[in-house]
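# Remarks on the overall topology
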Amino acid sequence: MSGGRFNYITINGQTGEEAKIGTVVDITTSGTGVVQPSGSARGQPLMGFTFDKLDGYRGQTPREYGVFVGTTVRFQEEGGHIRKIWVVEPKRG
C-alpha cells in the first residue's frame, strides 16, 4: 500500500484507527528523522519524529533498527506531531 497511491491505511480493524504513509527523507545521528507524507497528503509539510516514536525502538542506531533515507513508513499524528511510527519497507543504506 505504499508508493504514494494511498493516503491512509487502517492499522486497527476493530477501532478503525488509521495511519498515514510516508517516506523518510532525512535521518540524524542525534535521534531524529523527517518524513514526507505520500499520496494526497504529499502537499502537507514535512513531519519530524524522534526515534523513541519508532515502534519497538530500544536505543538502536538507525542502521541497526532498519530505518534509512528512503524507508517507507506508516505513522500516526496528533496535533501536527508524529506520535507513533512503523517501518513498512526497510531500505538498506
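Everything that follows concerns the structure shown earlier in this document.
Report on the accompanying structure. (Residues numbered from 1 in each chain as written. Predicted model: local features only at pLDDT ≥ 70, side-chain atom pairs only at ≥ 80, totals over all residues. Heavy atoms only, no water.)

### Considering the pairing of strand S6 (residues 81–89)
What counts here: We treat two strands as partners when DSSP finds at least two bridges between them. The helix and strand labels rest on DSSP assignments: H or I over at least four residues marks a helix, E over at least two residues marks a strand, and numbering proceeds from the N terminus.
The sheet contact formed by strand S5 (residues 72–78) and S6 spans seven bridges and is antiparallel. Bridged to glutamate 78 within S6 is histidine 81.

### Describing the packing of aromatic side chains
Test applied: For this analysis, a ring pair means two rings from Phe, Tyr or Trp (six-membered ring only for Trp) whose centres lie within 6.5 Å, classed as stacked if their planes differ by under 30 degrees, edge-to-face if by over 60, and tilted for the remaining angles. Note on classification: 1.4 Å probe, protein chains only; a residue is buried when its accessible area is under 20% of the maximum for its type, exposed when over 50%, partly exposed between these limits. For a ring to carry a charge above it, either NZ of a lysine or CZ of an arginine must fall within 6 Å of the ring centroid while also lying within 35 degrees of the normal to the ring plane.
Taken as a whole, this structure holds three aromatic pairs when the rule is applied. Ring centres of phenylalanine 51 and tyrosine 57 lie 5.7 Å apart, and the angle between their planes is 65°; on these two criteria the pair is classed as edge-to-face. Classification of tyrosine 57 by relative accessible area gives partly exposed; the value is 25%. Among the aromatic residues, those joined into a cluster by ring pairs are Phe49, Phe51, Tyr57 and Tyr65. Against the face of tryptophan 86 rests arginine 74, its NZ or CZ located 4.9 Å from the ring centre.

### Things to note about the environment of valine 34
Basically, it comes down to this: Contacts were defined at the residue level, with two residues in contact if any of their heavy atoms lie within 4.5 Å.
Its place among the elements puts valine 34 in strand S3 (residues 32–37). The spatial distance from the C-alpha of valine 34 to the C-alpha of methionine 47 is 5.5 Å, given a sequence separation of 13 residues. Ignoring sequence-local partners within four residues, the contact set of valine 34 consists of Thr23, Val24, Val25, Asp26, Leu46, Met47, Gly48 and Phe49.

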